[in-house]
Amino acid sequence: MTPPSAVSSEAAFSRWRDLGAGLCVAGLLLPEAVAYAGLAHLPVVHALSAAIVGLALYALFGGSRFAIVSPTSSAAVLSAAAVGSLGLVPGDVAYTQALLALTATAGAMLLVLGWAGQGQLSAFVSRPVLRGYAFALAVTIVVKQMPDALGLAVPPGVDPAHLLLFAASHRSQWQPATIAVALAAALGVALLRRWAWLPASMIVMLLAIAAARAFDLAGLGVAEVGIVQAPAWRLSLPVLPWADWLRVGELAAGLVVLVFAESWGGVRSLALAHGETVDANRELLVLGACNLGAALCQGMPVGAGFSGTSANAAAGARSRWAGAAALGVVVLAVVWALPALRYLPRPVLAVAVVNALWHALSLRPLRAVWRMDRDRLSVVGAVVAVLALGVLGGMLAAIALSLVTALRRFSQPVVHELGKLGDSHDFVVLDENPEVVAVPGVLVLRPEEPLFFASAERVVAEVVRIAKSREVTPQVVLSLEETADLDGTAAECLLELDRLLHASGRRLLLARVKGSVRELLARIDAQGLGHADRLYWSVADAARAAQAAVAAASN
């Protein structure tokens, strides 16, 4: 038995590790909150409110000890693009209210999906597509930091390609003092990144604020963040006409998929790496509560972003108390240090954004997909979609690309012929092993993809073609081991297959039939294909029954 003193020492050590991790995370979250508010075209107060609500609710109800829920770059940019598509202008009250409504709607959708047990939502965007989208989004965000880093006034609504052209053709308007501050900040961050436990962006921002006060950088033409309001902590729903709520609801679906896919990817990866389990439905519920709570407190969208979550894990977090410690530091900063934030030079903020997204600019994840020789078109398509269609159009295109890729793969099924492996009960693909032999008088086939509306007709056509190519195959066994259930189209196609084979003098038996499929076939064709003597749990049992039928017919 472990002595009580050892247990208490271990608990105290864990608390200190959580406190240290929380301090590191807070040093990352504060500059990110300021930066991501700019990406969403909102005052900083909306990011600070969201960070506090996200940290508090996840610390209370979350399932991962590593996840840090706060504003993320992708959610900020996507929400700004979505609200901008409504024709609203950043800075107007209507723009802010619409973005808060988008956050609230996305939170409500996440809650409903979690309550309905739809934790598989993240599968709507494949990992290669999500990596391509994240890379292109990072490129877009980084390019859009150029005006602040150069001190260049750029027309609103310029896409990244034209922004680069504009910056290159207006070099005479670049501000030397602004560029010098940006380069100094970038050098400082690069040097401090050597020590992973140091909050590089936070330290550089504090030094920049001090330098701005000491050397009057504003007088040299270096733009500053300006006055930052403190959170009002007044619960209220966004004020928006009903027609605009409906339009916002249509746009919220993309934000829901992005927030959960991005959050769940990081949370699940860290859980697997540390031998832990997390519940996708619980994460949906908590993320929904965090976003809805943030909107009610006038905050922007939140998620378990890669930078904060991975930094928390790297800092040695032992429990969700690390997030609570980060929450405490953020609250203290908001209470005591907010007035000083007005002096933060905007080029330093641009450097902080680039630093936060540095990991997303890595080509390593894309190269890994490329080396697998799988989903190459999906990755390239996601990158091109974001760069060509913008953030919102790229998100919708990424979802569509994932679904089209899946449908294309499933709608081109492969049907293999099986044979018996030696004296065993196993049936495997013919020609894979010299010990595998076909069952005399019986054709055993297996579709390699589930039967559903996009694949069923092709499977039926392929089975009929193979059966007709054999002269003596009175019995056909179709293994449905890949099919957990049948939709209406697939069920009708199976009945059509039975009639087609019967018309050609062949009898169809089904193997590896799941319970739901049995119930459906028994309900719609009880005396035919749904009869008990046509449905088998294993391929071996179905093959024996087919052989017995062949033997009986020959006698």
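Scope of this entry: the structure provided in the associated data block. Since the structure is predicted, the reported quantities are computational estimates derived from the model, not experimental observations.

**Observations concerning the environment of A511**
Following the sequence through the fold, A511 ends up in strand β8 (residues 507–511). Put simply, A511 and S538 are 27 residues apart on the chain and 5.4 Å apart in space, counted from C-alpha to C-alpha. Setting aside anything within four residues of it in sequence, one finds A511 in contact with V477, L478, S479, L480, Y536, S538, V539 and A542.

**Some points on the pattern of salt bridges**
For the coordinates displayed, the defined rule picks out nine salt bridges. Two residues, D541 and R544, come together in a salt bridge whose shortest N-O distance is 2.2 Å. Placement of the pair is D541 and R544 together in helix α20 (residues 539–554), with a separation of three residues, close to one helical turn. Judged by its relative accessible area of 31%, D541 is partly exposed. Salt bridges sharing common partners tie together R446, E448, E481 and R512.

**Here's the deal with unusual backbone geometry**
You will see that D216, though not glycine, has its phi angle at about 50 degrees, which is positive. Here D216 shows up in the loop between α9 (200–215) and α10 (242–273). You can call D216 partly exposed: its relative accessible area is 47%.

**Brief notes about the packing of helix α3 (residues 73–84) against helix α4 (residues 93–115)**
Viewed as axis vectors pointing N to C, α3 and α4 meet at an angle of 120 degrees, and their least axial separation amounts to 10 Å. By the angle between their axes, α3 is oblique relative to α4. Read as a crossing pair, α3 and α4 show a hand that is right-handed. Facing S79, A80, A82, V83 and G84 of α3, the residues of α4 in contact are Y95, A98, L99 and L102. Per-class residue counts for the contact of α3 with α4 are seven nonpolar, two polar and no charged.

**Here we look at the packing of aromatic side chains**
All told, the structure shown has two aromatic pairs when counted by the stated rule. Centroid distance F260 to W264: 6.0 Å. Interplanar angle 20 degrees. Geometry classified as stacked. With F260 and W264 both in helix α10 and four residues apart, this pair spans about one turn of that helix. Overall, the relative accessible area of 11% leaves W264 in the buried class. A centroid spacing of 5.1 Å and a plane angle of 80 degrees characterise the contact between F452 and F453, whose relative ring orientation is edge-to-face. Taking relative accessible area as the criterion, F452 reaches 17% and is therefore assigned buried. Sitting over the face of the ring of Y343, R213 holds its NZ or CZ atom 4.4 Å from the ring centroid. Residue placement shows R342 over the ring face of Y343; its charged tip is 5.4 Å from the ring centre.

**Let's talk about the pairing of strand β7 (residues 475–479)**
Buried residues dominate β7, accounting for five of its five residues. Burial of β7 is two-sided: the residues Q475, V477 and S479 facing one way and the residues V476 and L478 facing the other way are all buried. Here strand β6 (residues 442–447) pairs with β7 via four bridges, running parallel. Counted as the bridge partner of L445 is L478 from β7. In this fold, the crossover linking β6 to β7 by way of helix α17 (residues 456–468) has right-handed handedness. In the classification by handedness, the crossover that spans β7, the intervening helix α18 (residues 488–503) and the parallel β8 is right-handed.

**Examining the pairing of β8**
Burial analysis of β8 places four of its five residues in the buried class, which makes it a mostly covered element. Judged from the five bridges that link them, β7 and β8 form a sheet pairing that is parallel. Bridging from a neighbouring strand, Q475 pairs with R507 of β8.

**Looking at the nonpolar core**
Y133, M300, L341 and L344 are the most contacted members of the largest nonpolar core, which totals 110 residues. The biggest single contributor to this core is α10, with eleven residues. Setting aside its immediate chain neighbours within four residues, L341 contacts V34, V44, M205, I209, V225, G226 and V228. Membership of the second largest hydrophobic core comes to 30 residues, among which are A456, V463, I466 and L510.

**A word on the environment of S169**
Along the chain, S169 turns up in helix α7 (residues 160–169). Using a relative accessible area of 53% as the deciding quantity, one classes S169 as exposed. Among the polar contacts made by the side chain of S169, one reaches the side chain of H170 at a distance of 3.0 Å.

**Observations regarding the environment of L55**
Position of L55 among the secondary structure elements: in helix α2 (residues 44–61). Using a relative accessible area of 3% as the deciding quantity, one classes L55 as buried. Counting along the chain gives 240 residues from L55 to A295, while the straight-line C-alpha distance between them is 14 Å. Contact partners of L55, with chain neighbours within four places excluded, come to L29, I68, V69, G323, A326, L327 and V330.

**Thoughts on the side chain of H46**
Examined against the element boundaries, H46 turns out to sit in helix α2. Ignoring anything within four residues of it in the chain, the contact list for H46 reads T96, L100, Q298, G299 and M300.

Thresholds applied
- Residues numbered from 1 in each chain as written.
- Predicted model: local features only at pLDDT ≥ 70, side-chain atom pairs only at ≥ 80, totals over all residues.
- Heavy atoms only, no water.
- Helix = DSSP H or I, 4+ residues; strand = E, 2+ residues; numbered from the N terminus.
- Contact = heavy atoms within 4.5 Å.
- Salt bridge = Lys/Arg side-chain N within 4 Å of Asp/Glu carboxyl O.
- Buried < 20%, exposed > 50% of the residue type's maximum accessible area, 1.4 Å probe, protein only.
- Axes fitted to C-alpha atoms, helices over the stretch in contact; angles between N-to-C directions.
- Parallel < 35°, antiparallel > 145°, perpendicular 65-115°, else oblique.
- Left-handed = near helix turned anticlockwise from the far one by under 90°.
- Nonpolar A, V, L, I, M, F, W, Y, C, P; charged D, E, K, R; others polar.
- Phe/Tyr/Trp six-rings, centres within 6.5 Å; stacked < 30°, edge-to-face > 60°.
- Lys NZ or Arg CZ within 6 Å of the ring centre and 35° of its normal.
- Pairing = 2+ DSSP bridges.
- Right-handed = clockwise from strand over helix to strand, strands pointing away.
- Core = buried A, V, L, I, M, F, W, Y, C linked by side-chain atoms within 4.5 Å.
- Polar contact = N/O pair within 3.5 Å; in protein donor to acceptor, adjacent residues only side chain to side chain.

Purely geometric numbers; function is a separate question.
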